[in-house]
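Commentary on secondary and tertiary structure
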Amino acid sequence: MAVLRASVRNLWAHKGRMALSGMAVLLSVAFVCGTLVFTATMTTTFDKLFARTASDVMVGPAERSRGGSFDLPSAVGKPDTVPAALAGEVAAVPGVERVTGSVSSPLVVVVDAANENIGPTTGAPTLAGAWSAVEPRSMEVREGAPPSGPGEIMVDADTAGRKNLAVGDRLRLLTAFGDFPVRISGIAAYTVTNPGATRLYLDGPAAREFLLGGEEAFTELYVDGDGSLTDEALRDAVAAAIGGGGEYQLRTAQEYADDSRDAIGEVMSVVRYVLLGFAGIALLVGVFLIVNTFSMLVAQRTREIGLLRAIGSGRGQINRSVLIEALLLGLIGSVLGFGAGIGLAVGLMVALRAFGMNLSTDDLTIGWSVPVTGVVLGTAVTLLAAYVPARRAGRITPMAALRDAGTPGDVRAGRVRAALGAGCAVAGLGLLAGTAAVESAADGALFLAAGIVLSLLGLILAAPALVGLVVRVLGVLLLRVFGPVGRLAERNALRNPRRTGATAAALMIGLALVSGLSVVGSSMVASATDEIDASVGADFMLSPSNFGPVLPDVSAAVEEVRADGDAVASVTEYRVLSATATTPDGTVVDRQLAAAQPSMLEDLRVSTVAGDLAQVYEKPGGGLALDEDEAAALGLGVGDEVRVDFAGDSGPAVLTVRAITEKSALEGGVWTVSLDTARAHLGPEALPLPSLLFVTAREGRAEEARVALEAALEPYPQMELRDQYELKEQIREQIGQLLNMVYGLLALAIVVAVLGVVNTLALAVVERTREIGLLRAIGLSRRQLRRMIRLESVVIALFGALLGVGLGLAWGAASHRLMALEGMRVLEIPWPVITVVFAGAALVGLVAAVAPAFRAGQMNILTAIGTE
């Protein structure tokens with residue numbers, strides 16, 4: 001009990017010094033708890049949506065009835081359906097009270113009177129469907145009325161508010177079956193979560209006409225029972241009546257909700273693990289801050305601990321006293337972090353409203369595991385970080401009461417640590433270099449992962465041993481110009497290598513990740529740019545901005561430009577479909593196939609290593625081409641025959657391998673067939689719509705072709721026309737946005753590292769109070785004192801930057817070796833980013849030193865000299 005009271009008093013006495021360590025725990029735990037609460041709330045809100053909309057039994061077409069993951073409504077132009085007559089058969093089943101047919105499709109574009117696409121720009125779909133008895137379960141009409149004819153449409157309230165739409169406004173509905181003018185008859189609002197999609201409603205006949213091409217069918221049947229059967233029994237009865245599950249998919253309400261949850265869960269799990277990964281990085285950085293804090297506090301209390309030992313305190317009591325302080329710090333920081341995490345989750349929900357997803361705080365889901373995980377994690381990490389300083393405190397002898405505070409570290413332990421760190425670093429760098437010898441990216445991933453971990457661990461352990469060399473070099477380059485003040489700053493940084501190394505290592509981790517990812521991103525952009533220059537022969541690429549296919553009306557408009565003028569030489573439709581291939585040795589693989597016209601040979605030039613790619617497009621009976629890695633993995637060569645199941649009505653095709661191509665970053669892993677071959681084995685209804693169009697202008701008439709294409713595409717605002725330069729800029733922008741997002745998440749780790757620098761300097765000022773007083777007494781001015789502390793901080797930050805950038809460049813270069821195996825062969829070092837990293841590190845050092853330098857400058861000289 002006495003130990004506990006002493007620990008509480010010590011924690012309270014040093015609360016200012018502990019605050020920044022507690023902040024590191026708070027931020028890290030907040031990120032973990034906020035992520036868990038946010039993803040759990042997302043799951044809960046979607047569960048409510050699925051539960052509200054489902055019926056007792058759901059009947060739809062068999063999953064992927066035409067086969068393949070690419071055979072989606074967004075690819076073939078029309079969703080899979082069940083016959084309308086099936087509703088009557090199901091309604092006759094005993095136990096069925098009501099059957100409601102539904103029509104819905106994501107393959108729509110809606111254009112307002114200003115010729116602007118009103119759909120979301122965040123990747124969420126635009127969904128159009130029939131207003132039926134099912135829809136009021138999740139929607140309520142707020143203005144106007146539901147649609148009652150082919151010229152009317154109802155819009156969801158969020159889209160109406162975002163696009164300033166009102167009842168009576170005119171819209172155009174673009175689908176695979178035409179361009180349909182409609183008028184807004186009503187506005188409906190979600191009664192549950194708005195998933196971020198634009199939701200549109202037509203009446204039943206109009207939905208079948210506009211979305212299904214007039215087919216008498218439904219995309220889903222909602223079956224409600226009369227209560228006499230369980231959902232499972234009702235499902236089995238319906239299955240028996242309509243012929244089982246071979247042609248149709250039957251699910252109970254629970255199964256439907258589970259399937260939908262799993263689909264959402266795949267996306268949410270990626271988000272969860274990414275965010276938790278960055279939280280883990282922040283926690284790792286926080287460990288260094290906590291280790292430094294407790295190490296310095298123990299050193300500063302050496303005489304105090306020695307006196308306690310002299311009056312009878314045992315090693316175990318001293319050890320427990322420090323660990324109890326860490327326990328209390330971890331508990332307080334974790335509890336506060338849990339509260340901050342809830343605020344972070346709410347903030348993320350509010351931020352999502354800008355993207356059209358209105359999550360209600362009424363659905364805020366905080367399971368018991370969230371606070372437990374946060375508190376246990378934060379406390380355990382704090383205790384782990386304080387363990388070594390606690391053991392060091394326990395080894396202090398009673399004789400320490402006669403010595404000054406701040407005894408030197410164990411030289412032998414430092415040498416052992418340096419040797420172990422050097423061994424890990426060499427092993428890690430060796431594994432990173434080993435990526436150059438692997439033949440596949442999958443094999444190299446193990447080398448890369450192990451190399452990153454070992455090299456990071458090695459530099460963390462070896463950092464104190466590197467302080468003497470690196471800081472002296474930085475001193476010569478940067479500090480000597482400041483005269484005696486610069487030399488004092490250099491010696492202060494060298495005074496305790498372990499402390500300087502730990503502080504710099506915290507910053508090193510974040511900067512290594514930033515540098516490594518910058519190399520990867522720059523290399524991806526450079527490789528894609530190089531590939532476009534070498535491979536793309538077309539002058540223009542046309543693709544939809546809503547991630548959908550090129551609608552038939554768009555293809556017809558572009559073809560009309562080619563036929564009516566002399567500026568466009570050729571138009572190539574690039575389609576992606578899926579199939580199952582069986583090799584001569586019986587291996588079965590699912591693959592994506594690219595199908596196009598012979599003009600593709602000029603629009604996208606691909607080098608061959610064997611055979612003739614032209615034969616794939618021109619030889620009667622067609623054939624296929626695949627890249628060299630795929631051919632080697634499957635043991636295929638030119639002349640081999642492969643059975644390909646296109647899942648069409650004509651049965652499987654036997655295609656001959658006509659060419660083996662080089663690995664391409666633009667078409668990696670995609671097999672090639674001619675459009676004639678795909679059309680012959682799929683049929684017109686199952687043939688996917690083009691995913692993009694290549695347009696080649698006649699010599700010297702590219703600008704004329706562009707003007708004609710822009711005029712033809714004016715009614716279709718979802719289409720984006722890009723030349724090769726604009727395509728490169730798009731790739732650069734997309735990768736840049738992704739990297740900026742990652743840098744934003746890494747900022748948490750860097751903030752924690754900055755707190756570490758602040759804390760180290762603040763505690764160092766306290767530790768050197770008497771020394772500072774003596775320096776002031778012999779003539780050092782306040783301005784010189786503050787400069788000395790700022791320079792010390794800058795040197796520590798630049799030391800961390802040097803280690804981090806060096807490590808990051810090694811990680812980036814090794815990652816590029818694996819990227820090269822996937823066709824991205826250009827390695828580019830982003831020197832401007834590296835320069836910014838170094839400048840940012842110096843700025844971090846200056847900012848971190850502001851408060852400690854100010855405090856040092858305000859010290860009273862006589863009071864400081866009298867401090868023990």
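Residues numbered from 1 in each chain as written. Predicted model: local features only at pLDDT ≥ 70, side-chain atom pairs only at ≥ 80, totals over all residues. Heavy atoms only, no water.

1. Considering the overall build of the chain
- Tallying secondary structure elements over the chain gives 27 helices and 26 strands in all.
- Long-range contacts, defined as pairs at least 24 residues apart, comprise 83% of the intrachain contacts of the chain with a sequence gap of at least 6. (Helix = DSSP H or I, 4+ residues; strand = E, 2+ residues; numbered from the N terminus. Contact = heavy atoms within 4.5 Å.)

2. Quick notes on the side chain of N492
- Within the element layout of this structure, N492 appears in helix α14 (residues 484–495).
- For N492, the side chain forms a polar contact with the side chain of R495, separated by 3.1 Å.
- In this structure N492 touches R768, E771, M788 and E792, once residues within four positions along its chain are discounted. (Polar contact = N/O pair within 3.5 Å; in protein donor to acceptor, adjacent residues only side chain to side chain.)

3. Brief notes about a nonpolar patch on the surface
- There is a patch of nonpolar side chains on the surface, built from L469, V473, V476, L477 and L478 and spanning about 470 Å² of accessible area.
- Relative to the elements of secondary structure, L469 occurs in helix α13 (residues 441–479).
- Judged by relative accessible area, L469 falls into the exposed class, the value being 60%. (Patch = residues over 30% accessible without salt bridge, like charges linked within 9 Å, V, L, I, M, F, W, Y side chains within 5 Å. Areas by Shrake-Rupley, 256 points an atom, 1.4 Å probe, with all protein chains shown as cover. Salt bridge = Lys/Arg side-chain N within 4 Å of Asp/Glu carboxyl O. Buried < 20%, exposed > 50% of the residue type's maximum accessible area, 1.4 Å probe, protein only.)

4. Some remarks on the sheet that holds strand β15 (residues 248–252)
- The antiparallel open sheet is built from four strands, whose spatial order is β3-β14-β1-β15. In this open sheet, the two edge strands, each paired with only one partner strand, are β3 (96–102) and β15. For this sheet, the mean angle separating the axes of adjacent strands, direction not counted, is 20 degrees.
- By the bridge criterion, five bridges tie strand β1 (residues 57–61) to β15 in an arrangement that is antiparallel. Bridge pairing in β15 links P61 to Y248.
- Along the sheet, helix α7 (residues 231–242) contacts β1, β3, β14 (220–225) and β15; its crossing angle with β15, the most-contacted strand, is approximately 165 degrees. (Pairing = 2+ DSSP bridges. Axes fitted to C-alpha atoms, helices over the stretch in contact; angles between N-to-C directions.)

5. Quick notes on the pattern of salt bridges
- Within this structure, the stated rule accounts for 26 salt bridges.
- Of the charged contacts, one joins E216 and R208 as a salt bridge, the two residues approaching to 3.7 Å between their closest N and O atoms.
- Judged by relative accessible area, R208 falls into the buried class, the value being 17%.
- Close ionic contact of E573 with R575 constitutes a salt bridge, the shortest N to O distance being 2.5 Å. This pair shows no difference in class: E573 is buried, exactly as R575 is.
- What emerges from the salt-bridge pattern is a single network uniting R706, E710, D723 and E726.

6. A short note on the pairing of strand β8 (residues 152–156)
- For β8, the buried fraction is high: five of the five residues fall into the buried class.
- Of the two faces of β8, both are covered, the one formed by E152, M154 and D156 as well as the one formed by I153 and V155.
- Pairing of β8 with strand β10 (residues 178–190) involves five bridges; the strand directions are parallel. Residue pairing for β10: E152 is matched across the bridge by R183.
- Bridge count for β8 against strand β12 (residues 198–202) is two bridges, and the pairing is antiparallel. Along β12, the bridge assignment pairs M154 with Y201.

7. Side note on the environment of P598
- Topologically, P598 is positioned in the loop between β19 (588–596) and α17 (600–603).
- For P598, a relative accessible area of 40% corresponds to the partly exposed category.
- Taking the C-alpha atoms as reference points, P598 and V616, 18 residues apart in sequence, are found 8.6 Å from one another.

8. Comments concerning helix α22 (residues 724–767)
- Here α22 spans 62 Å end to end across 44 residues, near enough to the 64 Å set by a 1.5 Å rise per residue.
- Of all the bends found along α22, the most pronounced is centred on L746 and spans about 30 degrees. (Expected span 1.5 Å × (residues − 1). Bend = angle between axes of the 7 residues up to and from the residue.)

9. Digging into the packing of α13 against helix α24 (residues 782–821)
- Two elements in contact, α13 and α24, have axes separated by 8 Å at closest approach and are oriented at 155 degrees. In this view, α13 runs roughly antiparallel relative to α24, as classed from their interaxial angle. In the crossing of α13 with α24, the sense of the turn from one axis to the other is right-handed.
- By residue class, the composition of the contact of α13 with α24 is 25 nonpolar, three polar and no charged. (Parallel < 35°, antiparallel > 145°, perpendicular 65-115°, else oblique. Left-handed = near helix turned anticlockwise from the far one by under 90°. Nonpolar A, V, L, I, M, F, W, Y, C, P; charged D, E, K, R; others polar.)

10. Remarks on unusual backbone geometry
- One non-glycine residue, N115, adopts positive backbone phi at about 60 degrees.
- Along the chain, N115 turns up in the loop between β5 (109–111) and β6 (126–130).
- Positive phi, normally seen in glycine, also occurs at N164, with a value near 55 degrees.
- Its location among the elements puts N164 in the loop between α5 (157–163) and β9 (170–175).

11. Examining the pairing of β19
- Summarising the sheet, strand β18 (residues 568–582) and β19 pair through eight bridges and their orientation is antiparallel. Residue pairing for β19: V576 is matched across the bridge by A594.
- Pairing geometry for β19 and strand β24 (residues 671–674), over four bridges, is parallel. Pairing of A596 across the sheet is with S674, part of β24.

12. Structural notes on the confidence of the model for the chain
- Residues of the chain with pLDDT of at least 70 account for 90%, and the chain-wide mean is 83.
- Across residues 64–74 the pLDDT falls below 50, and counting only partners more than four positions away or on other chains, this stretch makes 30 contacts in the model.
- Here residues 405–412 scores under 50 on pLDDT; set against residues more than four positions off or in separate chains, the count is eight contacts. (pLDDT = per-residue confidence, 0-100.)

13. Looking at the environment of S691
- Counting through the fold element by element, S691 comes out in the loop between α20 (675–682) and β25 (692–697).
- Apart from the residues lying within four places of it in its own chain, the contact partners of S691 are S543, P544, V550, Y574, R575 and V576.

14. Observations regarding the environment of D56
- Note on placement: D56 falls in the loop between α2 (15–53) and β1.
- When the C-alpha atoms of D56 and R235 are compared, they prove to be 8.3 Å apart, with 179 residues separating the residues in sequence.
- When neighbours within four sequence positions are excluded, D56 is seen to be in contact with V223, D224, G225, D231, L234, R251, T252 and A253.
- Within the structure, D56 has its side chain in polar contact with the backbone nitrogen of G225 (distance 2.7 Å).

15. Things to note about the side chain of S674
- Structurally, S674 is set in strand β24.
- Within the structure, S674 has its side chain in polar contact with the side chain of T677 (distance 2.8 Å).

16. Describing the packing of α14 against α24
- Interhelical geometry of α14 versus α24 gives an angle of 45 degrees and a closest axis separation of 8 Å. The angle between α14 and α24 falls in the class oblique. α24 is crossed by α14, and the crossing has right-handed handedness. The residues of α24 that touch α14, namely those facing V485, G486, L488, A489, N492 and A493, are Q784, R787, M788, L791, E792 and V795.
- In terms of residue class, the contact of α14 with α24 is made up of seven nonpolar, three polar and two charged.

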